[in-house]
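Chain by chain, the residues run as shown.
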Amino acid sequence: MMSALAKKIDWYQQPERRRWKQLWHAVELALIGLCAAAVVVTVAVYASGPGQLVLCAFSAAIAISAWALAINVGRGNDLLRWQILAMTLGLGAGMGCAALAGINLLFG
């Protein structure tokens, strides 16, 4: 049990060198940024309420961060596997929360 856990931890602490996986993560981050930009545009055009400006700023920050990280990951910089996983999970979860808040502003 401990041997398998140690191997998994060691694997995540290595840099991601597989080119197809780097491109896959870059596309994931670009899509997260595209969804964030869609939330910004939709909320700015159709929503009204006290949280509109905050949600647009939060979503715009996610979009800019995701696109910048997509370029960095796509170039093949030596990022560790756990760092890429943390980026995609964190930005994806933030995008999901922003989308739910946008739906609440639009229909709530």
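Structure: above.
Below: a short report on this structure. (Residues numbered from 1 in each chain as written. Predicted model: local features only at pLDDT ≥ 70, side-chain atom pairs only at ≥ 80, totals over all residues. Heavy atoms only, no water.)

**A few points about the packing of aromatic side chains**
Short version of the rule: Aromatic pairs are defined between Phe, Tyr and Trp rings, using the six-membered ring for Trp, whenever the two ring centres lie within 6.5 Å; interplanar angles under 30 degrees are classed as stacked, those over 60 as edge-to-face, and all others as tilted. Relative accessibility thresholds used throughout: buried, under 20% of the residue-type maximum; exposed, over 50%; partly exposed, between the two (1.4 Å probe, protein chains only).
Tallied over the entire structure, the rule returns 1 aromatic pair. Ring centres of W11 and Y12 lie 5.0 Å apart, and the angle between their planes is 85°; this geometry places the pair in the edge-to-face category. Taking relative accessible area as the criterion, W11 reaches 35% and is therefore assigned partly exposed.

**Quick word on the packing of helix α2 (residues 19-46) against helix α3 (residues 52-74)**
This is how it is decided: Between N-to-C directions, angles cover 0 to 180 degrees, with each direction set by a line fitted to C-alpha atoms, over the stretch in contact for helices. Under the scheme used here, helices are H or I runs from DSSP no shorter than 4 residues and strands are E runs no shorter than 2 residues, and both carry numbers assigned from the N terminus. Under this scheme an angle from 65 to 115 degrees is roughly perpendicular, one under 35 degrees roughly parallel, and one over 145 degrees roughly antiparallel; angles in between are oblique. Each helix crossing is assigned a hand: it is left-handed if the near helix lies turned anticlockwise from the far helix by less than a right angle, otherwise right-handed if that turn is clockwise. Under the scheme applied, nonpolar residues are Ala, Val, Leu, Ile, Met, Phe, Trp, Tyr, Cys and Pro; charged residues are Asp, Glu, Lys and Arg; polar residues are all the others, including Gly.
Contact geometry for α2 and α3: axes closest at 8 Å, N-to-C directions at 160°. Considering their axes alone, α2 and α3 lie roughly antiparallel with respect to each other. Read as a crossing pair, α2 and α3 show a hand that is left-handed. Broken down by class, the residue content of the contact of α2 with α3 amounts to 22 nonpolar, 6 polar and 1 charged.

**Describing the side chain of E16**
Formally: Definition of a polar contact: a pair of N or O atoms within 3.5 Å, with one able to donate and the other able to accept a hydrogen when the atoms are protein atoms, and with sequence-neighbouring residues admitted only if both atoms are side-chain atoms. Note on definitions: a residue-residue contact is assigned when non-hydrogen atoms from the two residues lie within 4.5 Å.
By the secondary structure assignment, E16 is in the loop between α1 (2-12) and α2. Of note is the side chain of E16, whose polar atom sits 3.2 Å from the side chain of R81. Excluding its chain neighbours within four sequence positions, the residues that come into contact with E16 are K21, Q22, L79, R81 and I84.

**Considering the pattern of salt bridges**
Formally: What counts as a salt bridge is simple: a side-chain nitrogen of Lys or Arg found within 4 Å of a carboxyl oxygen of Asp or Glu.
Tallied over the full model, the rule gives 3 salt bridges. Across the pair R81 and E16 runs a salt bridge whose closest N-O atoms are separated by 3.2 Å. Within this pair, whereas R81 is found in helix α4 (residues 81-107), its partner E16 is found in the loop between α1 and α2, the two being separated by 65 residues in sequence. Each of the two residues, R81 as well as E16, counts as buried.

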